[in-house]
Amino acid sequence: ATVPRSPISPNVKLNLLVGLLIALMCGFGAAFLADAMDNTVKDRADVEGRLGVPYLGFIPTFPHQNAEDGAPIPPGLEDLYVHFRPTSRVAEAARSVRTNLLFMRPGKPLRSLLITSGGPREGKSSTTTTIGITIASSANRTVLVDTDMRKPRLHKIFGMTSDIGLTSYLLTRDPISNFTRPTDVPGLDLLACGPLPPNPSELLHTDRFREMVRELLAIYDTVIFDSPPVDVVSDGLVLASLVDGVVLVAQANRTRIDELDHTLSLLRGVNAPLMGVVTSRAAKHGGGY
């Protein structure tokens, strides 16, 4: 008998190969499982394929203010990114959304628009501002109306105060022009929320509010309302009956399909003129060319 020069067991090469195959199978299995359990909105396929509503486009996450060349963005005005970076990728995406909105009403001008979301902190106010800036840049005199009378934010985006605004108008008989204020964006005005009222929902049902809408439409080419989340309060559902179109904002990779479907059912319940869905804070690679 000859003396063996290597151990009979363990077979290191075979064990390594088996371990590698098992690791790959577990890795692929975990990836497929994670993808199957991910029920969030990501792109056009999720919106149109699974929900059956038009997909209007996406607004990418705003890069760092020094990531691209252009006019410097003052601190606190990051949501005005499209105004300071009109040639950026974010501005191109916003213009695509604007074009899709216009094609949703061929031959009919889009005079009034409601932008809402299902839940809070989904990028609704930021998206409203971005779309408003883009529409105003096409020579349309535009006004943003902050109808979120619980947690208003538009005045903060433009670096203004909310001492006068929508609620101030509703409690007086003065013309609406006394309460709108120009912004640093050419052609874009702002009607801030004003002092917070104790009864926001009741104010939307008044004749004075409907008179305000008529006054704004007589002055501006486009009126854009920023409403509170539909799943939280009913204000957005009330406003939906007063506008030409409704845009629903969903945060990419955060808003779940079932949540968005519930929001859509609420809007359909009041016969809202739904135009489609816009995904906010989309990843940089989302919606490729």
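Residues numbered from 1 in each chain as written. Predicted model: local features only at pLDDT ≥ 70, side-chain atom pairs only at ≥ 80, totals over all residues. Heavy atoms only, no water.

Quantified by volume, the largest pocket comes out at close to 530 Å³. In terms of lining residues, the largest pocket is bounded by 21 residues, among which Pro-120, Arg-121, Asp-148, Lys-151 and Pro-229 are the most central. With 3 residues, helix H5 (residues 124-136) is the single largest residue contributor to the lining of the largest pocket. (1 Å grid on protein atoms, 1.4 Å probe; cavity = no way out; pocket = protein on both sides within 12 Å on 5 of 7 lines; lining within 4 Å. Points joined across faces, edges and corners; volume = space filled by probe spheres on them. Helix = DSSP H or I, 4+ residues; strand = E, 2+ residues; numbered from the N terminus.)

A few words now on the pairing of strand E7 (residues 245-251). Judged by how many residues are buried, E7 sits mostly within the fold: 7 of 7 residues are covered. What you see with E7 is no split at all: Gly-245, Val-247, Val-249 and Gln-251 on one side and Val-246, Leu-248 and Ala-250 on the other are buried throughout. Pairing between strand E2 (residues 112-117) and E7: 5 bridges, direction parallel. Within the sheet, the bridge partner assigned to Thr-116 lies in E7 and is Leu-248. Where E7 meets strand E8 (residues 274-282), 6 bridges bridge the pair, whose relative direction is parallel. (Buried < 20%, exposed > 50% of the residue type's maximum accessible area, 1.4 Å probe, protein only. Pairing = 2+ DSSP bridges.)

The next thing to look at is the packing of helix H4 (residues 89-103) against H5. Contact geometry of H4 with H5 gives a least axis separation of 9 Å together with a crossing angle of 75°. In this view, H4 runs roughly perpendicular relative to H5, as classed from their interaxial angle. Residues Ala-94, Arg-95, Val-97, Arg-98 and Leu-101 of H4 pack against Thr-130, Ile-131, Thr-134 and Ile-135 of H5. Classifying every residue of the contact of H4 with H5 by side-chain character gives 5 nonpolar, 2 polar and 2 charged. (Axes fitted to C-alpha atoms, helices over the stretch in contact; angles between N-to-C directions. Parallel < 35°, antiparallel > 145°, perpendicular 65-115°, else oblique. Contact = heavy atoms within 4.5 Å. Nonpolar A, V, L, I, M, F, W, Y, C, P; charged D, E, K, R; others polar.)

Another point: the sheet that holds E7. Strand pairing in a sheet relies on backbone hydrogen bonds, with the paired strands running either antiparallel or parallel. Strand order in the open sheet formed by 8 strands is E1-E8-E7-E2-E6-E3-E5-E4, with mixed pairing between adjacent strands. The open sheet terminates on both sides in strands that have one partner only, identified here as strand E1 (55-60) and strand E4 (181-182). Pairing between E1 and E8: 5 bridges, direction parallel. Opposite Phe-58, over in E8, you have Thr-279 as the bridge partner. The strands that H4 touches are E1, E2, E7 and E8; relative to E1, the one it contacts most, it runs at about 160°. Against the sheet, helix H11 (residues 257-269) contacts E2, E7 and E8, and its axis sits at roughly 165° relative to E7.

Honestly, it's all geometry; don't read function into it.
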